[in-house]
Amino acid sequence: MPRLSEVIAALDALWPPERAEGWDAVGTVCGDPDAEIDRVLFAVDPVREIADEALELGAQLIVTHHPLYLRGTTTVAADTFKGRVVHTLIKHDIALHVAHTNADTADPGVSDALAGALDLRITGPLVPDPTDPEGRRGLGRICELDHPETLADFAARAAARLPATAQGIRLAGDPEALVRTVAVSGGSGDSLFDAVRAAGVDAFLTADLRHHPASEAVQHLPLGLVDAAHWATEWPWCEQAAAQLDALSDRHGWDLRVHVSKQVTDPWTTHHSSGAPN
């Protein structure tokens, strides 16, 4: 069995920590570098349910997309929910590793997995990484559909192919407008509207769209907006990342057992359509 340090080195080669944003908190949160690893669990969120799942599976390593401590802390006391996660992991010799914005901009990265889940053909990054001479890394992806379809049909495609959440899919724009080109960005994407407009795409699929940026975007251009749950747009990366680690395991002869959590850790649990009763 490989040691944790060997597996982490392989993960850091896939998603180099130096490519994370300066405000981000990526890398290994806890774990003994000399511990032996034979089972790994991928998930979006480092929450208690995922720690419990790893314990039940017998996994010695959890890899999540979201950091546990993004803004720092002064305590890991077990009477806080994050501290309880840390206590559970350390008590049961389970390591935690985070790949966040360094996985967002990777090749392949989070938005590649999102485009793949929707069966879109990628033509390039939405916001290219200037340090990548091949022009493949960067935030978001610009994509083409094999055949044009209405915005309503494209939103239905997203609803059918992304994991189910209480939010589902929200749509802004003319439902009958034809969509040929799409920008996608896993996670919160309304900071990318300038790049979306510059790309000249017909629609933009992302998550966490706020009222004012979305309103301004559809006033600027006949742009279709497809807003999914944050967790749902990033979960496909877990499957992609697990397949990447599987391939590395085979190459190194590690015989790792790699799992993807199917627990829905999106914080929203129920949806009610608004409106007064008839």
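Bear in mind the structure is a predicted one, so any value in this text is a computation, not a measurement. (Residues numbered from 1 in each chain as written. Predicted model: local features only at pLDDT ≥ 70, side-chain atom pairs only at ≥ 80, totals over all residues. Heavy atoms only, no water.)

**Student:** How would you sum up unusual backbone geometry? Please name residues and give values.
**Tutor:** A negative phi holds for most residues other than glycine; trans holds for most peptide bonds. Cis peptide bonds are those with omega within 30 degrees of zero, and the linkage from aspartate 107 to proline 108 qualifies with 0 degrees. Examined against the element boundaries, proline 108 turns out to sit in the loop between α4 (101-104) and α5 (110-117). Its identity is not glycine, yet aspartate 119 carries a phi of approximately 60 degrees, on the positive side. With respect to the helices and strands, the residue aspartate 119 is situated in the loop between α5 and β5 (121-128). In this structure, aspartate 255 takes a positive phi of about 55 degrees despite not being glycine. Tracing the sequence through the fold places aspartate 255 in the loop between α9 (230-252) and β11 (257-260). (Helix = DSSP H or I, 4+ residues; strand = E, 2+ residues; numbered from the N terminus.)

**Student:** Before we move on, can you summarise the pairing of strand β9 (residues 203-207) with the specific residues and values?
**Tutor:** Burial within β9 is extensive, with 5 of its 5 residues counted as buried. Residues Ala203, Leu205 and Ala207 line one face of β9 and the alternating positions Phe204 and Thr206 line the opposite face, and both faces are buried. Both strand β8 (residues 178-188) and β9 contribute to a ladder of 4 bridges, which runs parallel. Pairing of serine 188 across the sheet is with alanine 207, part of β9. Taking the sense of rotation as the criterion, the β-α-β connection linking β8, helix α7 (residues 193-199) and β9 turns out right-handed. By the bridge criterion, 5 bridges tie β9 to strand β10 (residues 224-228) in an arrangement that is parallel. Residue pairing in the sheet places alanine 203 in a bridge with glycine 224 of β10. Of the crossover connections in this fold, the one passing from β9 over helix α8 (residues 211-220) to the parallel β10 is right-handed. (Buried < 20%, exposed > 50% of the residue type's maximum accessible area, 1.4 Å probe, protein only. Pairing = 2+ DSSP bridges. Right-handed = clockwise from strand over helix to strand, strands pointing away.)

**Student:** Kindly report on the sheet that holds strand β3 (residues 61-64), identifying the contributing residues and their values.
**Tutor:** Read from one edge to the other, the open sheet built from 5 strands follows the order β1-β4-β3-β2-β11, with strand pairing classed as mixed. Here the strands that pair on one side only, and so sit at the sheet edges, are β1 (27-30) and β11. Across this sheet, the average inter-strand angle for adjacent strands is 25 degrees, counted without regard to direction. The strands touched by α9 within the sheet are β2 (39-43), β3 and β11, with β11 carrying the most contacts at an inclination of about 175 degrees. (Axes fitted to C-alpha atoms, helices over the stretch in contact; angles between N-to-C directions. Contact = heavy atoms within 4.5 Å.)

**Student:** Residue-level account of the packing of aromatic side chains, with values.
**Tutor:** All told, the structure shown has 4 aromatic pairs when counted by the stated rule. Between phenylalanine 193 and phenylalanine 204, the aromatic rings sit 5.7 Å apart at their centres with planes inclined by 75 degrees, giving edge-to-face as the arrangement. Of the two residues, phenylalanine 193 is situated in helix α7 and phenylalanine 204 in strand β9; the sequence distance between them amounts to 11 residues. The class for phenylalanine 204 is buried, based on a relative accessible area of 0%. Judged by centre distance (6.5 Å) and plane angle (40 degrees), the ring pair of tryptophan 231 and tryptophan 235 falls under tilted. Of this pair, tryptophan 231 and tryptophan 235 both sit in helix α9, 4 residues apart, which is roughly one turn of the helix. (Phe/Tyr/Trp six-rings, centres within 6.5 Å; stacked < 30°, edge-to-face > 60°.)

**Student:** Give a description of the pattern of salt bridges that names residues and reports values.
**Tutor:** Scanning all chains against the criterion turns up 15 salt bridges. With a shortest N-O distance of 2.5 Å, aspartate 227 and arginine 170 are connected by a salt bridge. Here aspartate 227 is found in strand β10, whereas its partner arginine 170 is found in strand β7 (residues 169-172), with 57 residues between them in sequence. Judged by its relative accessible area of 3%, aspartate 227 falls in the buried class. Sharing partners across several salt bridges, the network here consists of Arg3, Glu6 and Asp34. (Salt bridge = Lys/Arg side-chain N within 4 Å of Asp/Glu carboxyl O.)

**Student:** Give a detailed account of the side chain of aspartate 190, specifying residues and quantitative values.
**Tutor:** Topologically, aspartate 190 is positioned in the loop between β8 and α7. There is a polar contact of 2.8 Å between the side chain of aspartate 190 and the side chain of arginine 210. If we ignore the near neighbours within four places in the chain, the residues touching aspartate 190 are Asp208, Leu209, Arg210 and Pro213. (Polar contact = N/O pair within 3.5 Å; in protein donor to acceptor, adjacent residues only side chain to side chain.)

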